[in-house]
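Residues per chain are reported as follows:
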Amino acid sequence: MEELKDIKGIIEVPDYSLWILLSIIIGVLLLIILAIYYFKNKRKKRKKPTLKQIAIKNLKEINFNDTKGAVYTFCENFQYFIDEKNKESFEQLQKELEIFKYKKEIEKLSEDQINKIKNMIKEIK
């Protein structure tokens, strides 16, 4: 019996599973927060242009060689920029341009009318 050795006491086994679980949870939460931030900012950058921005773009790209198209484009898009200053001049110019809208065969816009349209477009900037 002397060959039998005594039973040793309980020893502590290091257990890091709680710390591993907490670090995984924190890592996943950080990834979710970063993904939400990324997609939120990405959506802000892709905002659709407003009607005024589209109208300004259309007004700047008016082709004066196509008389009817130029008149329609100007009258449709300039309405977004009417205020107290240019209301009367726009209505007066619109009356002048009305003859170009409804006829099948029309002549070119005069230089005076083109300059009036260009000046009104410059004023809205």
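Residues numbered from 1 in each chain as written. Predicted model: local features only at pLDDT ≥ 70, side-chain atom pairs only at ≥ 80, totals over all residues. Heavy atoms only, no water.

**Student:** How should I be thinking about the overall build of the chain in this particular structure?
**Tutor:** Scanning the chain for helices and strands turns up five helices and zero strands. Reading the chain from its N terminus to its C terminus gives the helix and strand order α-α-α-α-α. Expressed along its principal axes, the backbone C-alpha trace of the chain runs to roughly 125 × 30 × 20 Å. Sorting the 125 residues of the chain into buried and exposed places 20% on the buried side. The long-range fraction of contacts in the chain, counting pairs at least 24 apart against all pairs at least 6 apart in sequence, stands at 56%. Surface exposure of the chain reaches about 11,300 Å², of which carbon and sulfur atoms provide 58%. Averaging the coordinates of the 25 positive side-chain charges in the chain and doing the same for the 19 negative ones gives two points 5 Å apart. (Helix = DSSP H or I, 4+ residues; strand = E, 2+ residues; numbered from the N terminus. Buried < 20%, exposed > 50% of the residue type's maximum accessible area, 1.4 Å probe, protein only. Contact = heavy atoms within 4.5 Å. Areas by Shrake-Rupley, 256 points an atom, 1.4 Å probe, with all protein chains shown as cover. Lys, Arg positive; Asp, Glu negative; His and termini not counted. Charge placed at Lys NZ, Arg CZ, Asp CG, Glu CD.)

**Student:** How should I be thinking about a nonpolar patch on the surface in this particular structure?
**Tutor:** Taken together, the side chains of Tyr16, Leu18, Trp19, Ile20, Leu21, Leu22, Ile24, Ile25, Val28, Leu29, Ile32 and Ile36 present a nonpolar region at the surface, about 1,200 Å² in accessible area. Along the chain, the position of Ile25 falls in helix H1 (residues 17-45). Of the residues examined, Ile25 reaches a relative accessible area of 42% and is grouped as partly exposed. (Patch = residues over 30% accessible without salt bridge, like charges linked within 9 Å, V, L, I, M, F, W, Y side chains within 5 Å. Salt bridge = Lys/Arg side-chain N within 4 Å of Asp/Glu carboxyl O.)

**Student:** Even after reading the chapter, I still don't get the packing of helix H3 (residues 67-78) against helix H4 (residues 87-102), so can you show me in this structure?
**Tutor:** Each pair of packed helices gets described by two things: the angle between the helix axes and the distance between those axes. At their nearest, the axes of H3 and H4 sit 9 Å apart, and the two run at 145 degrees to each other. Crossing angle aside, the handedness with which H3 passes H4 is left-handed. From H3, Thr67, Lys68, Val71, Tyr72, Phe74, Cys75 and Phe78 reach across to H4, where they touch Phe90, Leu93, Gln94, Leu97, Phe100, Lys101 and Tyr102. (Axes fitted to C-alpha atoms, helices over the stretch in contact; angles between N-to-C directions. Left-handed = near helix turned anticlockwise from the far one by under 90°.)

**Student:** Help me understand the confidence of the model for the chain in this model?
**Tutor:** Keep in mind that low pLDDT regions are not for reading the predicted coordinates in detail. Of all residues in the chain, 97% attain a pLDDT of 70 or more, and the chain-wide mean is 86. In the model of the chain, H4 stands out as the element of lowest mean pLDDT, 85, in contrast to H1, which has the highest, 92. (pLDDT = per-residue confidence, 0-100.)

**Student:** Whenever I open this one, the side chain of Thr67 confuses me. Can you help?
**Tutor:** Looking at the secondary structure, you find Thr67 in helix H3. Residue contacts for Thr67: discarding those within four places in its chain leaves Phe100, Ile106, Glu107, Lys108 and Leu109.

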